[in-house]
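Next come the chains, spelled out residue by residue.
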Amino acid sequence: MFDISFYKDKKVFITGHTGFKGSWLCKMLANAGAEVTGYSLKPPTEPSLFEIADIASDVHSVTGDVRNYNEMKAAFDEAQPEIVFHLAAQPIVRDSYKNPAYTYETNVMGTVNILECVRSSSCVKSFLNVTTDKVYLNKEWAWGYRENEELDGYDPYSNSKSCSELVTHSYKNSFFSDGRTAVSTARAGNVIGGGDFANDRIIPDCIRAAQKNEDIIVRNPYSTRPYQHVLEPLYAYMMIAAGQYINGDVSGWYNVGPDDSDCFQTGALVDLFVKKWGGGLRWIDRYDGGPHEANFLKLDCSKLKAVFGWKPRWNLEKAVEKVAEWSKCWISGGDVRACMDRQIEEFLKEDN
């Protein structure tokens, strides 16, 4: 399997590094010895993992908006990266209904802008655009979507990420067909992990309720999603970007998700959280008639397994256990940086 020590002394540029996934990715890359520059807005939540875990001490952090090409180009040119991870996005489905224009500006033009930075450079050997499982035209069928299925997300968030995929495909065909820069996208399922404080996400809602000793409110307990610990897709992203750095022939479009056994209904996920947290927590079903969200969605990850020999390391029970472990460390005033380091080390050592 892939060894993250590949990244030692590599120059890496990350958009969206102050977010939940971006913060964990920065920590993994810094631990591997990479020279990381992050470009992002200020952390999107209060509190934020980026600040709690002092991720700024691990990277060169630049505050900026991916919609501002000139600002991003200046940070990019100074960094001279070999590898680029594009994570910056407006990532919340419900927020995309409230502010669709901002969602498209960020998720589509942000992708155009970072690809323009790559196109005008001669330093980048590997580019990975992180999208979502929601890019697919969801037909609510029982089997997993494959990378050759139709892209057409329903809501503004999902659709803008479909557009981000198509932008990436066009740039790859139009400007990088000579092989000078390997280009891929990674479509990940729902992630959970310590330090996610976002609104309208089930595990953060569970943590907030547990902290206040209140009942957990579940909007849609019967929706089925592929849930995985955040370290799973981040490891896969690092593996894909490194793999195509070495051999551009493996570049392409990849699903990153758990095995079928970890596609859970939301209510079952909350049951698992309650079990791992303890203390007599309860949850209640309170459908609020909100905007359209898919009821059933899962991924077929055969391609990633075939090309890279990849498979998930932590099942959902282990993932929820690690969420509870980190969250209790934070609530009790413990050393969350050390907790992150321990979880990363344990994940990487997992027998696979």
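The following refers to the structure shown. (Residues numbered from 1 in each chain as written. Predicted model: local features only at pLDDT ≥ 70, side-chain atom pairs only at ≥ 80, totals over all residues. Heavy atoms only, no water.)

1. Examining the overall build of the chain
Then comes step 1: Regarding its fold elements, the chain presents 12 helices and 12 strands.
Then comes step 2: At 19 Å, the chain has a C-alpha radius of gyration in line with the 20 Å of a compact globule built from 352 residues.
Then comes step 3: The dimensions of the chain, computed from C-alpha atoms along their principal axes, are 60 × 45 × 40 Å.
Then comes step 4: Per-residue burial over the chain gives 59% buried out of 352 residues.
Then comes step 5: Long-range contacts, defined here as pairs at least 24 residues apart, represent 82% of the contacts in the chain between residues at least 6 apart.
Then comes step 6: When the accessible surface of the chain is split by element, carbon and sulfur atoms take 47% of a total near 14100 Å².
Then comes step 7: Counting 39 positive and 48 negative side-chain charges, the chain places the centres of these two groups 1 Å from one another. (Helix = DSSP H or I, 4+ residues; strand = E, 2+ residues; numbered from the N terminus. Rg over C-alpha atoms; globule rule 2.2 N^0.38 Å. Buried < 20%, exposed > 50% of the residue type's maximum accessible area, 1.4 Å probe, protein only. Contact = heavy atoms within 4.5 Å. Areas by Shrake-Rupley, 256 points an atom, 1.4 Å probe, with all protein chains shown as cover. Lys, Arg positive; Asp, Glu negative; His and termini not counted. Charge placed at Lys NZ, Arg CZ, Asp CG, Glu CD.)

2. Some details on the sheet that holds strand β11 (residues 263–265)
Then comes step 1: Read across the open sheet, the three strands follow the order β7-β9-β11; overall the sheet is mixed. The open sheet is flanked by β7 (190–192) and β11, the only strands paired with a single partner. Going across the sheet, the axis of each strand differs from the next one's by a mean of 50°, ignoring polarity.
Then comes step 2: Pairing geometry for β7 and strand β9 (residues 224–229), over three bridges, is parallel. Across the sheet, asparagine 190 pairs through a bridge with tyrosine 227, a residue of β9. (Pairing = 2+ DSSP bridges. Axes fitted to C-alpha atoms, helices over the stretch in contact; angles between N-to-C directions.)

3. Thoughts on the state of the cysteines
Then comes step 1: Summed over all chains, the structure comprises zero disulfides.
Then comes step 2: You can see cysteine 117 has no disulfide; the closest cysteine sulfur is in cysteine 123, sitting 9.9 Å from it.
Then comes step 3: Judged by its relative accessible area of 0%, cysteine 117 is buried. (Disulfide = S-S within 2.5 Å.)

4. Topic: the side chain of glutamine 228
Then comes step 1: By the secondary structure assignment, glutamine 228 is in strand β9.
Then comes step 2: Within polar-contact distance, the side chain of glutamine 228 engages the backbone oxygen of valine 256 at 3.1 Å.
Then comes step 3: Leaving out residues up to four positions away in the same chain, glutamine 228 has contacts with Ala188, Gly189, Asn190, Val191, Ile192, Pro233, Val256, Gly257 and Pro258. (Polar contact = N/O pair within 3.5 Å; in protein donor to acceptor, adjacent residues only side chain to side chain.)

5. Description of the sheet that holds strand β6 (residues 182–188)
Then comes step 1: Taking strand neighbours across the sheet as the criterion, the seven strands line up as β3-β2-β1-β4-β5-β6-β10 in an open arrangement whose pairing is parallel. Taken across any chain shown, the strands that pair with only one partner, and hence form the sheet edges, are β3 (60–63) and β10 (253–256). Taken pair by pair, the neighbouring strands of this sheet meet at an average axis angle of 20°, ignoring direction.
Then comes step 2: Judged from the four bridges that link them, β6 and β10 form a sheet pairing that is parallel. The residue of β10 that forms the bridge with alanine 186 is tyrosine 254.
Then comes step 3: Strand contacts of helix α1 (residues 20–32): β1 (11–15), β2 (35–40), β4 (83–86), β5 (126–130) and β6, with the helix running at about 170° to β1, the strand carrying the most contacts.

6. Comments concerning the packing of helix α7 (residues 202–212) against helix α9 (residues 266–277)
Then comes step 1: Two elements in contact, α7 and α9, have axes whose closest approach is 11 Å; the angle formed by their N-to-C orientations is 40°. α9 is crossed by α7, and the crossing has right-handed handedness. For the pair α7 and α9, the contacting residues are Ile202, Ile203, Cys206, Ile207 and Ala210 in the first and Thr266, Leu269, Val270, Phe273 and Trp277 in the second.
Then comes step 2: Its residues assigned to classes, the contact of α7 with α9 shows nine nonpolar, one polar and no charged. (Left-handed = near helix turned anticlockwise from the far one by under 90°. Nonpolar A, V, L, I, M, F, W, Y, C, P; charged D, E, K, R; others polar.)

7. So, the packing of α1 against helix α8 (residues 231–246)
Then comes step 1: Where α1 contacts α8, the axes come no closer than 10 Å and their chain directions differ by 55°. By the criterion of interaxial angle, the relationship of α1 to α8 is oblique. For the pair α1 and α8, the sense of crossing is right-handed. Residues Lys21, Trp24, Leu25, Met28 and Leu29 of α1 pack against Leu231, Leu234, Tyr235, Tyr237 and Met238 of α8.
Then comes step 2: For the contact of α1 with α8, a count of residues per class yields nine nonpolar, no polar and one charged. (Parallel < 35°, antiparallel > 145°, perpendicular 65-115°, else oblique.)

8. Comments concerning the packing of aromatic side chains
Then comes step 1: One pass over the full model with this rule turns up 18 aromatic pairs.
Then comes step 2: Taken together, a centroid distance of 5.7 Å and an interplanar angle of 55° make the contact between phenylalanine 2 and tyrosine 235 tilted. With a gap of 233 residues between them, phenylalanine 2 in the segment before β1 and tyrosine 235 in helix α8 connect regions that are remote in the sequence. With respect to burial, phenylalanine 2 and tyrosine 235 carry one shared label: buried.
Then comes step 3: Ring geometry for tyrosine 254 and phenylalanine 308: centres 5.5 Å apart, planes at 65°, overall edge-to-face. One end of the pair, tyrosine 254, is in strand β10; the other, phenylalanine 308, is in helix α10 (residues 302–308), with 54 residues separating them in the sequence. Like phenylalanine 308, tyrosine 254 is buried.
Then comes step 4: One aromatic cluster is present, built from ring pairs that chain together Phe2, Phe6, Tyr7, Phe85, Tyr235, Tyr245, Trp314 and Phe347.
Then comes step 5: Positioned over the ring face of phenylalanine 6 is lysine 10, at 4.2 Å from the centre of the ring. (Phe/Tyr/Trp six-rings, centres within 6.5 Å; stacked < 30°, edge-to-face > 60°. Lys NZ or Arg CZ within 6 Å of the ring centre and 35° of its normal.)

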